[in-house]
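For reference, the chains in residue letters:
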Amino acid sequence: MSLPKSHPRYESLRTRELIVKGVERGITSIHGLIAHGRGEAFDYLVGEKTNDFAKKSVKAAAAILLAAKNPVISVNGNAAALAPKELVKLSNSLNAALEVNIFHPSKQREIKIKNHLIKFGAKNILLPDKKHKIKFLESNRKYANPHGILKADIVFVPLEDGDRTEALIKNGKKVITIDLNPLSRTAQKATMSITDSVTRAVPLLIKTINQYKKYDKNRLRKIIKNYDNKKMLKEAIKQIRKL
Ligand code: ATP
């Protein structure tokens, strides 16, 4: 579909098109369309822009990811469709593996996501290993790679479900998420929640990481220590209420 750039909802339509293409290519689950719809609704409510609360969360996320020993980026079908190039860039700049992890079981879809990321230059991609799982989770998302999520200290999960966030935390990991809904269990349970769209937040995160690379450990630690996730979520909810 050709979208005129002058269309007042160009960005929203472009993003919707990416998800539809993801479904057509077999990398995004059809259920991903519903998840995207929920995201679109919340994007409207936060003004379809990166608000100050999201900018603050991005800064803290950049600091914690740079300070991590073993950061891993978890990728589902929606994230792979929306920001493949950016996720690969993030993986390269953090030297962190991209690990495919999907809710609706499909080995074929996992491989398609992997190949899609390779097309965008990914070098370090892991698939979940059925012999290994994280504790406290029943769904397909429990499977993890022993060289990736299983040994990670920080898991960056753009677009997550609440169950897994809780389980990852109970498994001793820190979870950094991007979720447009500040009320979701994911946003509420994560260590850091960026209330913004994946398409805007990931590029900003990469830019911030590159900027913070020259910071020493103490400076990064200070940024992490001063961050209050509950406060950021309250600010996001306040912004929505103001409408
Ligand atoms: P939870 O289990 O955390 O309460 P949920 O059941 O609402 O979450 P899902 O339907 O699994 O979550 O996933 C959709 C979530 O992803 C929603 O919270 C939605 O706001 C968010 N979302 C969808 N698209 C985007 C996007 N492009 N950027 C950021 N967040 C998004």
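Everything below is about the structure shown above.
Asks: Is there a simple way to think about the overall build of the protein in this case?
Replies: Tallying secondary structure elements over the protein gives eleven helices and eight strands in all. A compact globule built from 243 residues would reach a C-alpha radius of gyration of about 18 Å, and the protein, at 17 Å, matches this within 12%. Summarising its shape, the C-alpha atoms of the protein cover approximately 45 × 45 × 35 Å along the three principal directions. Relative to its full complement of 243 residues, the protein shows a buried share of 52%. Once local pairs closer than 6 in sequence are excluded, the contacts in the protein between residues at least 24 apart make up 63%. For the protein, the exposed area adds up to about 12300 Å²; of that, 53% sits on carbon and sulfur atoms. If you average the places of the 48 positive and of the 22 negative side-chain charges in the protein, the two averages end up 5 Å apart.

Asks: How should the layout of surface pockets be read in this particular structure?
Replies: Any empty space left between the atoms is revealed when a probe the size of a water molecule rolls over them. Taken as a whole, the largest pocket holds about 1100 Å³ of empty space. If you trace the largest pocket, you find 46 residues lining it, with A35, H36, G39, N78 and L159 closest to the centre. The biggest single contributor to the lining of the largest pocket is helix α2 (residues 31-45), with eleven residues. Classifying every residue of the lining of the largest pocket by side-chain character gives 14 nonpolar, 17 polar and 15 charged.

Asks: Even after reading the chapter, I still don't get the packing of aromatic side chains, so can you show me in this structure?
Replies: Where two aromatic rings form a pair, the distance of their centres and the angle of their planes describe that pair. Inspection of the entire model under this criterion finds one aromatic pair. When the ring of Y212 is compared with that of Y215, the centres are 4.6 Å apart and the planes differ by 20°; the resulting orientation is stacked. Of the two residues, Y212 and Y215, both sit in the buried class. Here K170 stacks its cationic end above the ring of F136, 5.3 Å away from the centre of that ring.

Asks: I tried to follow the sheet that holds strand β7 (residues 174-178) on my own but got confused; where do I start?
Replies: One key point about sheets: their strands pair by backbone hydrogen bonds, in either a parallel or an antiparallel sense. Taken together, six strands build an open sheet; the order of strands is β3-β2-β1-β6-β7-β8 and the sheet is parallel. The sheet is open, and its two edges are formed by β3 (125-126) and β8 (192-194), each paired on a single side. With three bridges joining them, β7 and β8 adopt parallel strand pairing. Within the sheet, the bridge partner assigned to I178 lies in β8 and is I194.

Asks: Honestly, the pattern of salt bridges in this entry has me stumped. Any pointers?
Replies: Pairs may arise between side chains of opposite charge once their charged atoms sit close together. All chains considered together, the criterion is met by 13 salt bridges. A salt bridge links R141 to D161, with the nearest nitrogen and oxygen atoms 3.1 Å apart. With R141 in the loop between β4 (129-133) and β5 (143-144) and D161 in the loop between β6 (154-158) and α7 (162-170), this pair connects stretches of sequence that are 20 residues apart. Relative accessible area serves as the criterion here: at 18%, D161 is assigned to the buried category. In this structure, R164 engages E160 in a salt bridge whose closest nitrogen and oxygen atoms are separated by 3.0 Å. You'll find R164 and E160 in the same group, each marked buried. Salt bridges sharing partners connect three or more residues here, namely R141, E160, D161 and R164.

Asks: Even after reading the chapter, I still don't get the environment of V72, so can you show me in this structure?
Replies: Along the chain, V72 falls in strand β1 (residues 71-75). Since its relative accessible area comes to 4%, V72 is described here as buried. Separated by 13 residues in sequence, V72 and K85 place their C-alpha atoms 16 Å apart.

Asks: Help me understand the environment of D179 in this model?
Replies: With respect to the helices, strands and loops of the structure, D179 is situated in the loop between β7 and α8 (185-189). When its relative accessible area of 12% is taken as the criterion, D179 is described as buried. For D179 and V157, which are 22 residues apart along the polypeptide, the C-alpha to C-alpha distance reads 9.2 Å. The residues contacting D179, other than those within four sequence positions of it, are S184, T186, A187, I194, T195 and D196.

Rules and cut-offs
- Residues numbered from 1 in each chain as written.
- Predicted model: local features only at pLDDT ≥ 70, side-chain atom pairs only at ≥ 80, totals over all residues.
- Heavy atoms only, no water.
- Helix = DSSP H or I, 4+ residues; strand = E, 2+ residues; numbered from the N terminus.
- Rg over C-alpha atoms; globule rule 2.2 N^0.38 Å.
- Buried < 20%, exposed > 50% of the residue type's maximum accessible area, 1.4 Å probe, protein only.
- Contact = heavy atoms within 4.5 Å.
- Areas by Shrake-Rupley, 256 points an atom, 1.4 Å probe, with all protein chains shown as cover.
- Lys, Arg positive; Asp, Glu negative; His and termini not counted.
- Charge placed at Lys NZ, Arg CZ, Asp CG, Glu CD.
- 1 Å grid on protein atoms, 1.4 Å probe; cavity = no way out; pocket = protein on both sides within 12 Å on 5 of 7 lines; lining within 4 Å.
- Points joined across faces, edges and corners; volume = space filled by probe spheres on them.
- Nonpolar A, V, L, I, M, F, W, Y, C, P; charged D, E, K, R; others polar.
- Phe/Tyr/Trp six-rings, centres within 6.5 Å; stacked < 30°, edge-to-face > 60°.
- Lys NZ or Arg CZ within 6 Å of the ring centre and 35° of its normal.
- Pairing = 2+ DSSP bridges.
- Salt bridge = Lys/Arg side-chain N within 4 Å of Asp/Glu carboxyl O.

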